[in-house]
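# Breakdown of the fold
Chain by chain, the residues:
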Amino acid sequence: MARAAMVLMFIVVLVTAVAGLVASVRIVRQYERGLIFRLGRLRDETRGPGLTLIVPLLDRLQKVNLQIVTMPVPAQDGITRDNVTVKVDAVVYFRVVDPVRAVVNVQDYMFAVLQVAQTSLRSIIGKSDLDELLTNRERLNQGLEFMIDSPAIDWGVHIDRVEIKDVSLPESMKRSMSRQAEAERERRARVITADGELQASRKLAEAAATMAQTPTALQLRLLETVVEVAAEKNSTVVLPFPVELLRFLERSASTQATVEPPQGEYAPEPSRVHTAR
């Protein structure tokens, strides 16, 4: 009986020891760090990845994730500096760099970062114009990162990046911007057309001056035009009569009129005297 009691007691002690060992073993992953609170007091050392032993009923192990957290910021309604109502949402990338401060200095660091991100986003909306929100997002992202990172340093959190995802505008503002963009494109098209006509007129003026100095060039240009038009089938060609040819004919006619007598006039024949016999 005594031997059986000793064996039973040994088994009980062994089971208790195994249960205590199992209860005292914790596993910390590679991307985590462990903080041990003994009777509510934080121990100095931080447990790294691997197996960690704690004292059952006295110690409490709290794990802190060191991975980068992607936190979407809900869309915030605001009024820009130029009195336009917009809705802006963003995303924040951050990670814990000091597990002790992340656990001791703030109750819930993820909720705290989210609230700071929302308030900072509203502040950025009120300080910016609509054009800055649409075109100069890089500077706004840097401003948001600085505003969020300032209080997060005391929480052991580092803000890696902040990005504005979308800027929602009212439908009336979208229509106004569409009309403005269309008017701007129309203005550019008209300016380009006018510039092209100006350059073409200058070239035509230079060509006209050159042709005025050499009238033969005008005839050659006319012949080139005839050749280009004649290349098409079933075409009727109407050619302008060259002004130079008219002038040449006028000069020729005036010269001939001065040299030759006028037509229809005849010289008088000599009179004949008949003598009667």
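Residues numbered from 1 in each chain as written. Predicted model: local features only at pLDDT ≥ 70, side-chain atom pairs only at ≥ 80, totals over all residues. Heavy atoms only, no water.

### Here's the deal with the sheet that holds strand β2 (residues 32–38)
- Read from one edge of the open sheet, three strands run β3-β2-β5, paired in antiparallel fashion. The open sheet is flanked by β3 (41–47) and β5 (59–65), the only strands paired with a single partner. Ignoring which end each strand starts from, the neighbouring axes of this sheet average 25° apart.
- In this sheet, β3 lies alongside β2 in antiparallel orientation, the contact comprising four bridges. The partner of R38 across the bridge, within β3, is R41. (Pairing = 2+ DSSP bridges. Helix = DSSP H or I, 4+ residues; strand = E, 2+ residues; numbered from the N terminus. Axes fitted to C-alpha atoms, helices over the stretch in contact; angles between N-to-C directions.)

### Here's the deal with the nonpolar core
- If you look at the biggest cluster of nonpolar residues, it comprises 37 residues, and the most contacted ones within it are V86, V92, F94, V113, W155, V157 and I159.
- Broken down by secondary-structure element, the contributors of at least two residues to this core are β2, β6 (69–79), β7 (85–96), α2 (99–104), α3 (109–127), α4 (130–135), α5 (137–152) and β8 (157–168).
- With nine residues, α3 is the largest single contributor of residues to this core.
- The contact partners of W155, leaving out residues within four places of it in the chain, are R101, A102, V106, A112, V113 and V116. (Core = buried A, V, L, I, M, F, W, Y, C linked by side-chain atoms within 4.5 Å. Buried < 20%, exposed > 50% of the residue type's maximum accessible area, 1.4 Å probe, protein only. Contact = heavy atoms within 4.5 Å.)

### Structural notes on the side chain of N141
- On the secondary structure map, N141 appears in helix α5.
- Filtering out sequence-adjacent residues up to four positions away, N141 remains in contact with V162, E163 and I164.

### Description of the pairing of β2
- Of all seven residues making up β2, five are buried, and the element is well covered by its neighbours.
- Relative to β5, β2 runs antiparallel, the two being bridged by seven bridges. Paired with L35 across the two strands is Q62, which belongs to β5.
- Hairpin connection of β2 to β3: two residues between the antiparallel strands, including L39 at a positive phi of 55°.

### Notes on the side chain of Q76
- Tracing the chain through its elements places Q76 in strand β6.
- In terms of polar contacts, Q76 uses its side chain to reach the side chain of R122, at 2.6 Å.
- Leave out the neighbours within four places in its chain, and Q76 touches V86, K87, V88, Q118, L121, R122 and I125. (Polar contact = N/O pair within 3.5 Å; in protein donor to acceptor, adjacent residues only side chain to side chain.)

### Describing the sheet that holds β8
- One open sheet holds the three strands; their spatial order is β6-β7-β8, and the pairing between them is antiparallel. Edge positions in the sheet fall to β6 and β8, since each of these pairs with one other strand and no more. If you compare each strand with its neighbour and ignore which way they point, the axes differ by 25° on average.
- In this sheet, β7 lies alongside β6 in antiparallel orientation, the contact comprising nine bridges. Directly across from P72, in β7, lies its bridge partner V91.
- Relative to the sheet, α3 contacts β6, β7 and β8, its axis offset from that of β6 by approximately 35°.
- Along the sheet face, α5 touches β7 and β8 and points at about 140° away from the line of β8.

### Brief notes about the pattern of salt bridges
- Counted by the stated rule, this structure contains 14 salt bridges.
- For E184, the salt bridge goes to R188, with nearest N and O atoms at 3.3 Å. Remark: R188 and E184 occur in helix α6 (residues 171–213); sequence separation between them is four residues, near one turn of the helix.
- Residues E186 and R190 are paired through a salt bridge, measuring 3.3 Å at the closest nitrogen-oxygen approach. Of the two residues, E186 and R190 both sit in helix α6, four residues apart, roughly one turn of that helix.
- Connected through shared salt-bridge partners, R81, D129, E132 and R139 make up one network. (Salt bridge = Lys/Arg side-chain N within 4 Å of Asp/Glu carboxyl O.)

### Re unusual backbone geometry
- Even without a glycine there, the phi angle at L39 is positive, about 55°.
- Considering the arrangement of structural elements, one finds L39 in the loop between β2 and β3.
- Even without being glycine, N83 reaches a positive phi, approximately 65°.
- Of note, N83 is situated in the loop between β6 and β7.
- A residue is classified by how much of its surface remains accessible, and N83, at 67% relative accessible area, is exposed.

### Focus: α5
- Here α5 is 16 residues long and its end C-alpha atoms lie 22 Å apart, about the 22 Å a rise of 1.5 Å per residue gives.
- Among the residues making up α5, those that are buried are L140, N141, L144, I148, D149 and A152. Buried residues of α5, seen end-on, are gathered within an arc of 160° and therefore sit on one face of the element.
- Turning to α5, the residues buried within the fold contact β7, α3, α4 and β8. (Expected span 1.5 Å × (residues − 1). Arc of directions from axis to C-beta.)

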